[in-house]
Amino acid sequence: MNILLVEDDLDLGNGVRIALQDQGMAVVWVRRASDAARELEAGLCDLVLLDLGLPDGDGLLLLARLRRERQGLPVLILSARDTLDDRLRGLDGGADDYLVKPFMLAELLSRVRALVRRSYGVADGLVEVRGLSLHLPTRRVRVHDRPVELSRSEFELLCLLLKRVDRVVTRRFLQEQVLPGAQTNESNVLDVHMSNLRRKIGEGYVRTVRGVGYVIDQAAPPAGGRA
Ligand code: CA
């Protein structure tokens, strides 16, 4: 699980970062809205913890932009703004949850786990399909208990597919998420990552839907079918 923490308060940011890392989560901590925007463009985080009062802008503006570009990315607002209006503005602005400062770290962790569960449909961050498993908090991938080492792009591809089992994921979406900023004529880069991923996890997991994209099926493909 990659968490983007946007928080300009040094003590609070550090405390939250350590608490999340203790849970095995990878944390990128930024203190300015502009740095957060850059991280979001890179498209590699799975969840955002967002402070609203930032030195170079309002977190709500960042949230609005994020919602235009990445609908499904879970966002939890952490803010000292504690009126009902504030909270409604955050939630109506597209946040999935809102935690008022000061808060207990235990409650933050519990809400993060709940958001992961709701957003990715996994209770403990473990997704498993036919012996292929991916543990989001530690980013460990196994095929029938054999550990598999994936590059960052291969891991992100697998993650995007496993979070949407039985649903076709379009090439365009994968490209935008894994290779942001890439030109369409660079689409063979996606093919290279995909072919490396398939070689490492074994054939039979990622099925090509010609002209559309890829899917990982919960059930095994019929015998003789090209995976
Ligand atoms: Ca602040």
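Residues numbered from 1 in each chain as written. Predicted model: local features only at pLDDT ≥ 70, side-chain atom pairs only at ≥ 80, totals over all residues. Heavy atoms only, no water.

## A few points about the pattern of salt bridges
Pairing of side chains with opposite charge becomes possible as their charged atoms draw close.
Working step 1: Here the structure, examined in full by the defined rule, presents 16 salt bridges.
Working step 2: A salt bridge links Asp191 to Arg171, with the shortest nitrogen-to-oxygen separation between them at 2.7 Å. Here Asp191 is found in helix H8 (residues 187-201), whereas its partner Arg171 is found in helix H7 (residues 171-178), with 20 residues between them in sequence.
Working step 3: Among the salt bridges present, the one from Arg172 reaches Glu176, with a minimum N-O distance of 3.2 Å. Of this pair, Arg172 and Glu176 both sit in helix H7, separated by four residues, roughly a single helical turn.
Working step 4: Owing to a relative accessible area of 63%, Arg172 belongs among the exposed residues under this scheme.
Working step 5: Connected through salt bridges with shared partners, the residues Glu7, Asp51 and Lys101 form a single ionic network. (Salt bridge = Lys/Arg side-chain N within 4 Å of Asp/Glu carboxyl O. Helix = DSSP H or I, 4+ residues; strand = E, 2+ residues; numbered from the N terminus. Buried < 20%, exposed > 50% of the residue type's maximum accessible area, 1.4 Å probe, protein only.)

## Regarding helix H6 (residues 152-162)
Working step 1: Most of H6 sits out of view: 10 of its 11 residues are buried.
Working step 2: The complete set of buried residues in H6 reads Ser153, Glu154, Phe155, Glu156, Leu157, Leu158, Cys159, Leu160, Leu161 and Leu162.

## Concerning the coordination of the calcium ion
Working step 1: Only Asp8 (OD), Asp51 (OD) and Gly53 (O) from the protein reach the calcium ion as donors, at distances of 2.2 to 2.4 Å.
Working step 2: In the primary structure, the donors to the calcium ion are separated according to the pattern D-x42-D-x1-G.
Working step 3: Taking the relative accessible area as the measure of exposure, Asp51 reaches 4% and is therefore buried.
Working step 4: Gly53 gets classed as partly exposed once you look at its relative accessible area, which sits at 36%. (Donors = N, O, S within 2.8 Å, 3.2 Å for Na, K, Ca; no water.)

## A word on the domain arrangement of the protein
Working step 1: When the domains of the protein are assigned, the result is domain 1 (2-120) and domain 2 (126-216).
Working step 2: Taking only C-alpha atoms, the centre of domain 1 and the centre of domain 2 are 26 Å apart.
Working step 3: Tallying the contact residues gives 11 residues for domain 1 and eight residues for domain 2.
Working step 4: Together domain 1 and domain 2 conceal approximately 890 Å² of surface at their shared face, both sides included; 46% is due to carbon and sulfur atoms.
Working step 5: The largest share of the area that domain 1 buries against domain 2 comes from Asn2, Leu44 and Tyr120, three residues that together contribute 48% of it.
Working step 6: Applying the counting rule to domain 1 against domain 2 returns one salt bridge.
Working step 7: Taken together, the links from domain 1 to domain 2 amount to two residue pairs in polar contact (both at pLDDT 80 or more).
Working step 8: Tallied by class, residues from the side of domain 1 that touches domain 2 come to four nonpolar, four polar and three charged. (Domains from an automatic or database assignment. Contact = heavy atoms within 4.5 Å. Buried area = accessible area lost by both parts, 1.4 Å probe. Polar contact = N/O pair within 3.5 Å; in protein donor to acceptor, adjacent residues only side chain to side chain. Nonpolar A, V, L, I, M, F, W, Y, C, P; charged D, E, K, R; others polar.)

## A look at the sheet that holds strand S1 (residues 2-6)
Working step 1: The sheet built from five strands is open, its strands ordered S2-S1-S3-S6-S7 with parallel pairing. The two strands at the open ends of the sheet, each matched to only one other strand, are strand S2 (26-30) and strand S7 (97-100). For this sheet, the mean inter-axis angle between neighbouring strands, taken without regard to orientation, is 20 degrees.
Working step 2: With four bridges joining them, strand S3 (residues 47-51) and strand S6 (residues 75-79) adopt parallel strand pairing. Bridge pairing links Leu49 to Leu76 in S6.
Working step 3: Relative to S2, helix H1 (residues 10-22) is tilted by about 170 degrees, and along the sheet it contacts S1, S2 and S3.
Working step 4: Sheet strands in contact with helix H4 (residues 84-92) are S6 and S7, and its direction is about 150 degrees off that of S7. (Pairing = 2+ DSSP bridges. Axes fitted to C-alpha atoms, helices over the stretch in contact; angles between N-to-C directions.)

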